Amino acid sequence: MTGAVNYNTLQCMASKRPTWIPVVTAMIRKGPYVLIGQRPEGHTLAGQWEFPGGKIEIGESPEQALARELNEELGIEAEIGDIQMACTHSYPEVGIFLVFFEVQFWKGEPKPVHHSELKWVLPEELKTLNIPEANRRLLPTILEILRS
Ligand code: DGT
């Protein structure tokens, strides 16, 4: 039977395909400092320091998703700048596709609406903080970008 779609075969293929979650994050810069937030209790990676951001929802562009996340998490109206880098990271059950954007301009003062704490740090301080494994692997590149 040429041209016929075997639904069971498709289901089987789909279940073997890895799941990737797209995540957008912001490098929010003020002079030499960058803003990071501590992930709250009750979420994965609780206590770790991350760049603010989150998952892209269906129908959103990456920039729209990041602007929404920054509004929800920090209470700011951000102008999303250029993509600085992108990477993938695999957790046991799922992978994330992580895209970092530069943010230099925003309205409002960032508040820890979602995070347990926010802080402005010098890029070097990231070396000493508990950060997600996905970010740790890329730290040399992250530092290079933040120093420029
Ligand atoms: P979750 O992960 O189910 O607890 O849900 P959320 O809403 O706390 O997670 P969300 O939306 O922040 O998703 C971001 C995912 O990407 C999460 O698994 C942590 C991971 N990730 C790794 N590095 C970073 C980073 O620098 N910033 C953010 N925002 N997420 C990161």
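Here's a quick rundown of the structure. (Residues numbered from 1 in each chain as written. Predicted model: local features only at pLDDT ≥ 70, side-chain atom pairs only at ≥ 80, totals over all residues. Heavy atoms only, no water.)

## A short note on the nonpolar core
Turning to step 1, where the next piece is worked out: Ranked by internal contacts, the top residues of the largest apolar core, which has 22 residues, are F51, F100, L126 and I142.
Turning to step 2, where the next piece is worked out: The set of elements that each furnish at least two residues to this core consists of β1 (20-30), β2 (33-38), β6 (83-90), β7 (95-103) and α4 (139-147).
Turning to step 3, where the next piece is worked out: The element contributing the most residues to this core is α4, with five residues.
Turning to step 4, where the next piece is worked out: If we skip the residues at most four places from it in the chain, I142 touches M27, F51, M85, F100, L126 and N135.
Turning to step 5, where the next piece is worked out: One finds V24, I28, L35 and A78 within the second-largest nonpolar core, a separate group that totals 14 residues. (Core = buried A, V, L, I, M, F, W, Y, C linked by side-chain atoms within 4.5 Å. Buried < 20%, exposed > 50% of the residue type's maximum accessible area, 1.4 Å probe, protein only. Helix = DSSP H or I, 4+ residues; strand = E, 2+ residues; numbered from the N terminus. Contact = heavy atoms within 4.5 Å.)

## Remarks on α4
Turning to step 1, where the next piece is worked out: Among the residues making up α4, those that are buried are L139, I142, L143, I145 and L146. For α4, the angular spread of buried residues about the axis comes to 160°, placing them on one side. Seen from the buried face of α4, the exposed residues on the opposite side, beyond 90 degrees, are P140, E144 and R147.
Turning to step 2, where the next piece is worked out: Looking at the packing, one finds that the buried side of α4 touches β1, β2, β6, β7 and α3 (133-137). (Arc of directions from axis to C-beta.)

## Observations concerning the side chain of H89
Turning to step 1, where the next piece is worked out: Mapped onto the elements of the fold, H89 is located in strand β6.
Turning to step 2, where the next piece is worked out: A polar side-chain atom of H89 sits 2.8 Å from a polar atom in the side chain of R137.
Turning to step 3, where the next piece is worked out: Aside from chain neighbours lying at most four places away, what touches H89 is W20, V94, G95, I96, E133, A134 and R137. (Polar contact = N/O pair within 3.5 Å; in protein donor to acceptor, adjacent residues only side chain to side chain.)

## Side note on the site of the ligand
Turning to step 1, where the next piece is worked out: Taken together, 15 residues lie around the ligand, and R39, H43, T44, F51 and N135 are the ones closest in.
Turning to step 2, where the next piece is worked out: Contact between the ligand and R39: an oxygen atom at 2.9 Å from a side-chain N or O atom of the residue.
Turning to step 3, where the next piece is worked out: For the ligand, an oxygen atom lies 2.8 Å from a polar atom in the side chain of N135.
Turning to step 4, where the next piece is worked out: A total of 590 Å² of accessible area belongs to the ligand in isolation, and the protein chains cover 83% of it.
Turning to step 5, where the next piece is worked out: Sorting the residues of the shell around the ligand by element identifies β1, β4 (53-55) and β7 as the ones contributing at least two each. (Near = heavy atom within 4 Å. Areas by Shrake-Rupley, 256 points an atom, 1.4 Å probe, with all protein chains shown as cover.)

## Regarding the pattern of salt bridges
Turning to step 1, where the next piece is worked out: Under the criterion given, the structure shown has eight salt bridges.
Turning to step 2, where the next piece is worked out: Across the pair R29 and E102 runs a salt bridge whose closest N-O atoms are separated by 3.3 Å. Taken together, the residues R29 in strand β1 and E102 in strand β7 connect sequence positions 73 residues apart. When sorted by exposure, R29 lands in the same class as E102, which is buried.
Turning to step 3, where the next piece is worked out: We note a salt bridge from R68 to E60, for which the minimum N-O separation is 2.4 Å.
Turning to step 4, where the next piece is worked out: By relative accessible area, R68 is classed as buried at 17%. (Salt bridge = Lys/Arg side-chain N within 4 Å of Asp/Glu carboxyl O.)

## Describing helix α2 (residues 62-74)
Turning to step 1, where the next piece is worked out: Over its 13 residues, α2 extends 18 Å from the first C-alpha to the last, a length consistent with the 18 Å expected when each residue adds 1.5 Å.
Turning to step 2, where the next piece is worked out: Looking at α2, one finds that the buried residues are A65, L66, R68, E69, L70, E73 and L74.
Turning to step 3, where the next piece is worked out: Phi turns positive, to about 70°, at G75, one or two residues after α2. (Expected span 1.5 Å × (residues − 1).)

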